[in-house]
Each structure stands twice: as structure tokens, then as C-alpha cells.
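Letter by letter, the chains look like this.
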Amino acid sequence: MKDIGSISKNGGAAPTVKYDICIVGNGAVGKAAALGLAQTGLRVALVGMAQPATASVASADVWDTRVYALNHVARSLLSTVKVWDALDPARISAVEGMAIKGGTDSAAGTLTFDAYSAHVDALAWIVEDGNLNQALDAALKFASNVRVLSGRVKAMQVDATAATLQLESGETIDAALIVGADGAQSWVRGQCQIGIDYRSYRQRGVVANFACEQPHHGIAYQWFTETEGIVALLPLPGQRVSLVWSAPEALALSLLEEPLSQLAARLSMLASDKLGQLQPLQPELAQAFPLSLLKTHALVAPRVALIGDAGHVVHPLAGHGMNLGFGDVTALIQVLAERGVHRDCGDERVLARYARARKEEILLMQMTTDGLERLFGVDIGPLRLLRNLGLNLLNNVPVLKRQLMTHALGRAADSE
């Protein structure tokens, strides 16, 4: 790929390459940001460590353990950057409804949503990590305004006119704006000395895939158990489901140590009336990742903007971590496109508009997910009764249900 930045000489040192934007972090959010920003005519560098090539799935029975429930904002962004239609449609499942139970017994409160009532074609779409990243990587190969660099950044300096990154390779990059897309342990955020509030949930998200005896009809099921965390079964194509179990650490470690057939038996007891017996899919593998809440004290710094997990981490019970990141990308693209010809991409007023545009949604999602985790994490009889009454009340008040669905779908759904 040809170099799309401008080059300046600095004596005998390695040349400095200038871009409008340098994105640090090459996960799905960083890749989507590179594609979207380059599409507006900006010169973009995408810097990150080399990732192992995601092999094409050879068998229809082999499924990624990591999947995302992408909402309408995410789909709109991926469509705009010509990635959505490049996804393998045979490996995407539309979520046509959600069924949430406030416990595991028959008296537990219930809250349900469906796409028909929301006047949309789907509430969300379940997409595998590999399917998503393969399509993003393919699009980047043809993005004329993006240069992808593999390696680490070792130093960052910011002044009134530009930000400068020094790579371990010896190359120097100047950019009007640095975008930190480098995850929850963000190096970029650390260089800016942006403070964080961190809370470990002392839980791990256990993920695995199963075949189900009965069709799921596109329904995503979620159980708030009294003592074992939150269990979600998300629909995959065909009679298959993907597990996301937010389990206390001791239980999570136990689930990882036992045969997957035993985990399937546990889930069958929970979901037998909905899905029948469950059987492990190939590969018979369960994985887990720690769950936490991370709030940054700021989303921007001089000539720096944070997106994705670098700017916020929420509990996965609502499945919106990736959607929040794609929402950041959408807002950043719009703010930069509307900045005016006299302001560069790192102008402090432009970045302030980005921070304001994201503040409400991020705060709402943090409060909602953290509040629900706290509420359902306490096993006290009277509180359990109130929780169930609350779920049943919400389920029978159409106005409240519509408000919840609007936030879950994302604002892009309003225009469909």
C-alpha cells in the first residue's frame, strides 16, 4: 500500500510521516474508526501489534466463542464503511426477541421485548469476532487513505500544533489528533494522565457455544440467578446458541475446569422448557474474561480522543460494550466532519463537542449495567420480591418498555 502521509526530513534521523489522525489500537473499534475517518478524506495511520490471521471457518459446526450483539448504530456504521455486506450472512443471527427472567424459579419476574413491537426488523444481530474482523481487515486493504503499521508506540509528545508518536521501529508520526483505541489498559490514556475509577465485579464472563434441541426462534434468553450470576444464551444461526455467563470468580473457575458436557447439562436444567437439551459445539471449548467497570475522568485530552474500552468499560449483561465503542466512532466521525475548514482535527473545541456528544449515552449505560448488577447481586428475600414486581411492572407498561428498547436499539434505529 502506498504511503498516504506527507514526509518531512529531519537531518539524518528517520523521516517523520504526517497524518491528520493516528489511531493507536487495531481492534474492531479502531479498524472501524480508521475506515470511517478515511472515508471523509482524512489521512489516517492505524498502529497496533500484529494480530494472528483469522482463519476462515472450514466447518459450519465450528463457531467463535466470542460474539457480539451489534445494535442498529453498529450496523449503520459498518454499512457506511462497506463492511456489513461483506460479513458472512450465513453466520449472523438476528435477535428477534429478548426474554429476561429475574430468577430461576417459576415465580420470577419476566420482561420481554420483540422486534415487531419496536417496529424494526431485528433488535440486534449476533456476529462472531472472526467474521467481523475478517471483513474489517479486508476493507482496510482497499482503503486508500489508511496506512496500517504493525508495532508498538514507545513515546508520545503533544504541543499546540500536533501530536508526535515515536514507534519502536524508529519511525516518527505527526498527527493533528491521536485516537486511543487501545483497550481497557490503554497506553494512550496513561500518557495523557487521564484518571479512572475502577471496580472489579469479581466475576468472569464464561463463553461457549452449544447446539439446542428445540429452535430458539431468534430469542435471546437471560436469567438473573440468585447466587450464580447472570446467564445469557444468544441465538446463533440454526439451532445453536452462544453462552455468556457472568459468574462469580470461584464458580467461573469451576465451570472452566469441568467438561463442557457438564456445563451443557447445567444449562439444560435452566433452559429446558425453552431450548430442550444442549450439546457442546466444536471446538468443545469454554473461555473466560474478567468483568469490571471502568469510568474515565475525561474522554479527551489535548489532541487526544478515546474510543471503545480505552474510554469506558461496562458489565456485559446488556451486551453493549462493542456498541458503545461503535457509537464513539460514529460521533467522532460526525464531529470531525462538521468541524469547519479553519479547525484541524485536534482542535480543543472540536474534541469538547465529541466529549459532550458521548457523555449521556456512556453515563446511562454505566449506571444501568452497574445498577442492575448491584440490584440482582444481592440475595435478600424482600429485595428479590421487589425485583420481580419491578420486572413484571415494566413488562406491562408499554411506554416504559419503548423507552428501554429505544436505548437498547441505538438512535440509528429511529431513522429506519
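Structure's up top.
What counts and what doesn't
All chains use their own residue numbering, which begins from 1 and follows the written sequence. Where totals are concerned, whole chains, interfaces and linings use all residues; where local detail is concerned, this predicted model gives features only for residues with pLDDT of at least 70, and gives and counts side-chain atom pairs only at 80 or more. Neither water nor hydrogens contribute to the side-chain values; these are computed over all heavy atoms in the structure. Strands here mean DSSP runs of E at least two residues long; helices mean DSSP runs of H or I at least four residues long; both are numbered from the N terminus. Remark: exposure states derive from per-residue accessible area (1.4 Å probe, protein chains only) relative to the maximum for the residue type, with buried under 20%, exposed over 50%, and partly exposed in between. Any two residues whose heavy atoms approach within 4.5 Å are treated as being in contact. Surface exposure here means Shrake-Rupley accessible area, sampled with a 1.4 Å probe, where a residue is shielded only by the protein chains that are shown. Given a helix with a known number of residues, its expected span is that number minus one, times 1.5 Å. Two strands make a pair as long as DSSP finds a minimum of two bridges between them. A fitted line through C-alpha atoms serves as each axis, taken over the contacting stretch for helices, and the angle formed by two N-to-C directions is quoted from 0 to 180°. In this description, a nonpolar core means a group of buried Ala, Val, Leu, Ile, Met, Phe, Trp, Tyr and Cys residues linked to one another through side-chain atoms lying within 4.5 Å. Polar contact is defined as a pair of N or O atoms within 3.5 Å, subject to the rule that within protein one atom must be able to donate a hydrogen and the other to accept it, and that residues adjacent in sequence are counted only when both atoms are side-chain atoms. Orientation categories follow fixed angle ranges, with anything under 35 degrees roughly parallel, anything over 145 roughly antiparallel, 65 to 115 roughly perpendicular, and all other angles oblique. Less than a right angle of anticlockwise turn of the near helix away from the far helix marks a crossing as left-handed, whereas a clockwise turn marks it as right-handed. The classification used treats Ala, Val, Leu, Ile, Met, Phe, Trp, Tyr, Cys and Pro as nonpolar, Asp, Glu, Lys and Arg as charged, and all other residues, Gly among them, as polar. The criterion for an aromatic pair is that two Phe, Tyr or Trp rings (for Trp, the six-membered ring) have centres within 6.5 Å, with stacked assigned to planes under 30 degrees apart, edge-to-face to planes over 60 apart and tilted to the rest. Salt bridge, as used here: a side-chain nitrogen of Lys or Arg that lies within 4 Å of a carboxyl oxygen of Asp or Glu.

Chemist: Looking at this model, I keep getting lost on the overall build of the chain. Mind explaining?
Modeler: Of the regular secondary structure elements, the chain holds 11 helices and 21 strands. Burial analysis of the chain (416 residues in total) assigns 50% to the buried set. Pairs at least 24 apart in sequence give 73% of the contacts found in the chain among residues at least 6 apart. Here the chain has roughly 19,100 Å² of accessible surface; of this, 53% comes from carbon and sulfur atoms.

Chemist: It is not clear to me how helix H8 (residues 321-337) should be interpreted in this structure. Could you clarify?
Modeler: The periodicity of an α-helix, 3.6 residues per turn, causes residues three or four positions apart to be oriented the same way. Taking 1.5 Å per residue as the helical rise, H8 with its 17 residues ought to reach 24 Å, and the 25 Å between its terminal C-alpha atoms agrees with that figure. Within H8, 13 of the 17 residues are buried, which leaves the element mostly enclosed by the surrounding structure.

Chemist: Sorry if this is basic, but what is going on with the environment of Ala-143 here?
Modeler: Looking at the secondary structure, you find Ala-143 in the loop between helix H4 (129-141) and strand S9 (146-150). Measuring from C-alpha to C-alpha, the distance between Ala-143 and Ala-38 comes to 7.4 Å, with 105 residues separating the pair along the chain.

Chemist: Explanation requested: the sheet that holds strand S5 (residues 93-95) in the structure shown.
Modeler: Backbone hydrogen bonds hold the strands of a sheet together, and the pairing may be parallel or antiparallel. In space, the three strands of this open sheet follow the order S4-S8-S5, with antiparallel pairing throughout. If you trace the sheet from one side to the other, it starts and ends with strand S4 (67-70) and S5, each paired once. Sheet twist, expressed as the mean angle between neighbouring strand axes with direction ignored, is 30 degrees.

Chemist: How should I be thinking about the pairing of strand S15 (residues 230-236) in this particular structure?
Modeler: Here is the key point about a regular strand: its side chains alternate between the two faces of the sheet. Of all the seven residues making up S15, seven are buried; the element is thus mostly covered by neighbouring parts of the structure. Burial along S15 is two-sided: Ile-230, Ala-232, Leu-234 and Leu-236 facing one way and Val-231, Leu-233 and Pro-235 facing the other are all buried. As defined by bridge partners, strand S14 (residues 219-224) adjoins S15 across four bridges and the pair is classed as antiparallel. Within S15, the position partnered with Phe-224 by the bridge is Ile-230. Linking S14 to S15, which pair antiparallel, is a turn of five residues; within it Gly-229 sits at a positive phi near 85 degrees. Both S15 and strand S16 (residues 240-248) contribute to a ladder of seven bridges, which runs antiparallel. In the sheet register, Val-231 faces S16, and the bridge partner there is Trp-245.

Chemist: Sorry, what's going on with the nonpolar core here?
Modeler: Note that soluble globular proteins tend to have their nonpolar side chains buried in a common cluster. Counting 78 residues, the largest nonpolar core has Ile-23, Ile-178 and Phe-326 as the members making the most contacts within it. With nine residues, H8 is the single largest residue contributor to this core. Membership of the second largest hydrophobic core comes to 24 residues, among which are Cys-212, Leu-243, Trp-245 and Ala-247.

Chemist: Could you clarify how one ought to interpret the side chain of Asp-20 in this entry?
Modeler: Turning to its location among the elements, Asp-20 is positioned in strand S2 (residues 16-24). Within the structure, the side chain of Asp-20 is placed 2.7 Å from the backbone nitrogen of Arg-43, a separation counted as a polar contact. Look past the residues within four positions of Asp-20 in its chain and what remains in contact with it is Leu-42, Arg-43, Ala-175, Ala-176, Leu-177 and Cys-345.

Chemist: What is the right way to look at the packing of helix H1 (residues 28-39) against H8 in this model?
Modeler: For any two helices packed against each other, one specifies the inter-axial angle together with the distance between the axes. For the pair H1 and H8, interaxial distance at closest approach is 10 Å and the crossing angle is 20 degrees. If you check the angle between H1 and H8, you find them roughly parallel. Regarding H1 and H8, the two cross each other, and that crossing is right-handed. Two secondary-structure elements touch here, H1 through Ala-28, Val-29, Ala-32, Ala-33, Gly-36 and Leu-37 and H8 through Met-322, Gly-325, Phe-326, Val-329, Leu-332, Ile-333 and Leu-336. Class assignment of the residues belonging to the contact of H1 with H8 gives a composition of 11 nonpolar, two polar and no charged.

Chemist: Explain the packing of aromatic side chains to me, please; I cannot follow it from the model alone.
Modeler: Any two aromatic rings considered together are summarised by their centre-to-centre distance and by the angle between their planes. Within the structure shown, the criterion is met by two aromatic pairs. Ring plane angle 75 degrees and centroid distance 5.7 Å describe the contact between Trp-84 and Trp-125, whose orientation is recorded as edge-to-face. Of this pair, Trp-84 sits in the loop between helix H2 (72-80) and S5 while Trp-125 is found in strand S8 (residues 124-128), placing the two residues 41 residues apart along the sequence. When sorted by exposure, Trp-84 lands in the same class as Trp-125, which is buried. With a centroid separation of 5.9 Å and 20 degrees between ring planes, the pair formed by Tyr-221 and Trp-223 is classed as stacked.

Chemist: When you look at unusual backbone geometry in this model, what are you seeing that I'm missing?
Modeler: A negative phi angle characterises most non-glycine residues, just as the trans form characterises most peptide bonds. In this chain, Gln-282 is followed by Pro-283 through a cis amide linkage whose omega measures -10 degrees. Along the chain, Pro-283 falls in the loop between strand S17 (278-280) and strand S18 (287-296). In this structure, His-119 is a non-glycine residue whose phi angle is positive, near 60 degrees. Examined against the element boundaries, His-119 turns out to sit in the loop between helix H3 (115-118) and S8. At Arg-202, a position not held by glycine, the phi torsion is positive, near 55 degrees.

Chemist: What's the story with the pattern of salt bridges in this structure? I'm lost.
Modeler: Once their charged atoms are close, side chains differing in charge can pair, the charge on each being opposite to the other. Applying the stated criterion across every chain, the model contains 12 salt bridges. Notably, a salt bridge pairs Glu-128 with Arg-91, separated by 2.7 Å at the nearest N-O pair. Residue Glu-128 is found in strand S8, and its partner Arg-91 is found in the loop between H2 and S5; the two are separated by 37 residues along the sequence. Side by side, Glu-128 and Arg-91 carry an identical accessibility label, which is buried. Measuring nitrogen to oxygen at the nearest pair gives 2.6 Å for the salt bridge that ties Arg-358 to Asp-328. Of this pair, Arg-358 sits in helix H9 (residues 348-376) while Asp-328 sits in helix H8, and the two are 30 residues apart along the sequence. Across this residue pair, the class does not change: Arg-358 and Asp-328 are buried.

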